[in-house]
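# Geometric and topological summary
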Amino acid sequence: MNENDTERMLAFLKELRYRPTDTPELADLILINTCSIRDKAEQKVYSTAGRYKRLKKRKPELLIGISGCVAQQKGGELLKRMPYVDLVIGTHNIHRLTELLKKVREEKTRVVSTELYNSIDSKEFPTPEVEGIKAYVSIMRGCDNYCTYCIVPYVRGREVSRPARDVVEDIRRLVDRGVKEVTLLGQNVNSYCGDVSFPELLRMVCRVDGIERVRFVTSHPKDISEELIYLFGEEDKLARSMHLPIQAGSDRVLERMRRRYTVSEYLNKVELLRRLYEDMSISTDIIVGFPGETEEDFEKTMKVVKEVEFDSIFSFKYSPRPGTEAATYKDQLPDDVKQRRLEVLQALQKEITLKKNRLLVGKTMKVLVEGESKLDKTELTGRTTCNRVVNFPGDKGLTGSMVDVTITDAYANSLRGEL
Ligand code: SAH
Ligand code: SF4
């Protein structure tokens, strides 16, 4: 989501004839797009900004801005804390970037813009500046779920969906720029409520000429419908992979997290997906060390992970976020307990991922070619429908096409194959 926000900012900045650079010393403007989902991400903002402060000393006309969730949450406080920052722009004001920058430049002033809006406007979504064949498209904004650990509803506001025709138009424009794979984005895509339902939107997107593959994140387990599950069997372009965050394997913890599903409800959905589609890959998010999580609760998470054998897991130590309900719970766990649980979980998942990757050796899979491999220019890289990275020898001219690749080797994070 943050990457997509960055791409939207690049699209607006293009209007003012800014171009991206990899060399901060050459920049006239540095925008630090921030995340506040965990404390570590938030702390990074201050160290990153500190580094750019030195550049500004040497080049006083350099403008520095902070955008994203930390900007939204802290607002004007950031200007006080960092006197070298010129602009603070919140999550709902990206479309005002050019206007605010002009103000900073022309009036030599510092600005903060963190108003939140309850409606959504098509002008907020320029066609994102993307390179390559893959792109993200936001289909909604915000979240109304208020899981007790999560800061998103506070920093991204109420849930609002974009009209389906705007989404489809964006995708058509992306196709004109060479995009072949699109990922629809939302905090909870299954509660999309534009003018059509989420499965209907997916159908419309799959029918856009030139699109080869469609993905979506994130699905909330409480909201995925059977209609969506059956859609994977109807639409060939819909990639056979689903990110379905379980967060914890103990009903007691899930309830305190306010996730609104039980472990067995979750498992039933996974079972149906796997029964219908043997090649379906399922990834998840897990938080360890939520307040009051006992050793027994944690063991339940480990049990679910062993049972489900997720294709991949994003796992995090619980991080108390100011303003959220769980941050006020009295039974916070010490960091060493969280750290140990994280390591145990990650070690288990590493074995599972490797084992599952090895099972693919010998199979021939459809791979959408993304371009040259970064590590070896004579090789191509792409992804399978089940979202695994495959590297294989081949000609760069195949970029953007769907090819059959036979898997020859499997590693922890990627596969090797041949055409
Ligand atoms: N909307 C998505 C995810 C948003 S945040 C969903 O509901 O699944 C991405 C992930 O960050 C979450 O799934 C969760 O695992 C993790 N996360 C969110 N808040 C956190 C916190 N306070 N501490 C640790 N991890 C957190
Ligand atoms: Fe956060 Fe829960 Fe909303 Fe996901 S569904 S963004 S975890 S509040």
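Every value quoted in this text rests on a predicted model; they were computed, and no experiment measured them. (Residues numbered from 1 in each chain as written. Chains lettered and ligands numbered in written order. Predicted model: local features only at pLDDT ≥ 70, side-chain atom pairs only at ≥ 80, totals over all residues. Heavy atoms only, no water.)

This brings us to the site of ligand 1. In the vicinity of ligand 1 lie 15 residues, with Tyr149, Gln187, Gln247, Asp285 and Ser319 positioned nearest. Here a nitrogen atom of ligand 1 sits 3.0 Å away from a polar atom, N or O, in the main chain of tyrosine 149. The side chain of arginine 259 places a nitrogen or oxygen atom 3.3 Å from an oxygen atom of ligand 1. For ligand 1, whose unbound accessible area comes to 540 Å², protein coverage reaches 90%. Of all the secondary-structure elements, those providing two or more residues to the shell around ligand 1 are β11 (281-288) and β12 (312-317). Counted by class, the shell around ligand 1 contains six nonpolar, four polar and five charged residues. (Near = heavy atom within 4 Å. Polar contact = N/O pair within 3.5 Å; in protein donor to acceptor, adjacent residues only side chain to side chain. Areas by Shrake-Rupley, 256 points an atom, 1.4 Å probe, with all protein chains shown as cover. Helix = DSSP H or I, 4+ residues; strand = E, 2+ residues; numbered from the N terminus. Nonpolar A, V, L, I, M, F, W, Y, C, P; charged D, E, K, R; others polar.)

With that settled, consider the packing of helix α11 (residues 263-276) against helix α12 (residues 295-308). The contact between α11 and α12 brings their axes to 12 Å, and the two run at 10 degrees. Between α11 and α12, the crossing angle belongs to the class labelled roughly parallel. Contacts from Val263, Leu267, Val270 and Arg274 of α11 reach α12 at Val304, Glu307 and Val308. Grouping the constituent residues of the contact of α11 with α12 by class yields five nonpolar, no polar and two charged. (Axes fitted to C-alpha atoms, helices over the stretch in contact; angles between N-to-C directions. Parallel < 35°, antiparallel > 145°, perpendicular 65-115°, else oblique. Contact = heavy atoms within 4.5 Å.)

Another aspect to go through is the sheet that holds strand β14 (residues 379-384). The sheet built from five strands closes into a barrel, its strands ordered β13-β14-β15-β17-β16 with mixed pairing. In this sheet, neighbouring strand axes are inclined to one another by 50 degrees on average, regardless of whether the strands run parallel or antiparallel. With five bridges connecting them, strand β13 (residues 364-372) and strand β16 (residues 402-410) associate as antiparallel partners. Directly across from lysine 366, in β16, lies its bridge partner aspartate 404. (Pairing = 2+ DSSP bridges.)

So, about helix α5 (residues 97-107). Listing the buried residues of α5 in full gives Leu97, Thr98, Leu100, Leu101 and Val104. Along the axis of α5, the buried positions cluster into a sector of 165 degrees, meaning they face one direction only. Opposite the buried face of α5, at more than 90 degrees from it, the exposed residues are Glu106 and Glu107. For α5, the secondary structure elements touched by its buried residues are α1 (2-15), β1 (29-34), β2 (63-68), β3 (87-89) and β4 (111-113). Backbone geometry just after α5 places lysine 108 at a positive phi near 50 degrees. (Buried < 20%, exposed > 50% of the residue type's maximum accessible area, 1.4 Å probe, protein only. Arc of directions from axis to C-beta.)

Turning to the nonpolar core, a few remarks are in order. Residues Ile171, Leu184, Phe198, Leu201 and Phe216 are the most contacted members of the largest nonpolar core, which totals 71 residues. At six residues, helix α7 (residues 164-176) tops the list of elements feeding residues into this core. Dropping the residues within four chain positions of it, phenylalanine 216 is found in contact with Thr183, Leu184, Val189, Phe198, Leu202, Leu228, Phe232, Leu238 and Met242. In this structure, Ile30, Val45, Leu78 and Val88 belong to the second largest nonpolar core, which totals 19 residues. (Core = buried A, V, L, I, M, F, W, Y, C linked by side-chain atoms within 4.5 Å.)

The next subject is the site of ligand 2. Looking at ligand 2, the residues that line it are Cys143, Asn145, Tyr146, Cys147, Tyr149, Cys150, Val152, Pro153, Gln187, His220 and Arg259. For the shell around ligand 2, the class distribution of residues is seven nonpolar, three polar and one charged.

This next bit is on the sheet that holds β1. Taken in spatial order, the four strands of this open sheet run β1-β2-β3-β4, and their pairing is parallel. A single partner strand is all that each edge strand has here, and the edge strands are β1 and β4. Here the strands of the sheet are splayed against their neighbours by 15 degrees on average, with no regard to which way each runs. Note that β3 and β4 share three bridges and pair parallel. Paired with valine 88 across the strands is valine 112, a residue of β4. On the sheet, α1 packs against β1 and β2 and is oriented at approximately 155 degrees with respect to β1. Docked against the sheet, α5 engages β1, β2, β3 and β4, running at close to 165 degrees with respect to β3.

Here we come to the domain arrangement of the chain. The figure often quoted for interface size is the accessible area lost as the parts come together. Domain annotation for the chain reports domain 1 (2-113), domain 2 (119-239) and domain 3 (364-418). Just the C-alpha atoms count here: the centres of domain 1 and domain 2 sit 26 Å apart. At the junction of the two partners, domain 1 supplies 18 residues and domain 2 supplies 19 residues. Buried surface at the junction of domain 1 and domain 2, summed over both partners, amounts to about 1700 Å²; 58% is from carbon and sulfur atoms. The largest share of the area that domain 1 buries against domain 2 comes from Asn4, Arg8 and His92, three residues that together contribute 32% of it. Scanning the region where domain 1 abuts domain 2 turns up ten residue pairs in polar contact (both at pLDDT 80 or more). With ten residues, α1 is the largest single contributor of residues to the side of domain 1 that touches domain 2. The class makeup of the residues in the side of domain 1 that touches domain 2 is five nonpolar, eight polar and five charged. (Domains from an automatic or database assignment. Buried area = accessible area lost by both parts, 1.4 Å probe.)

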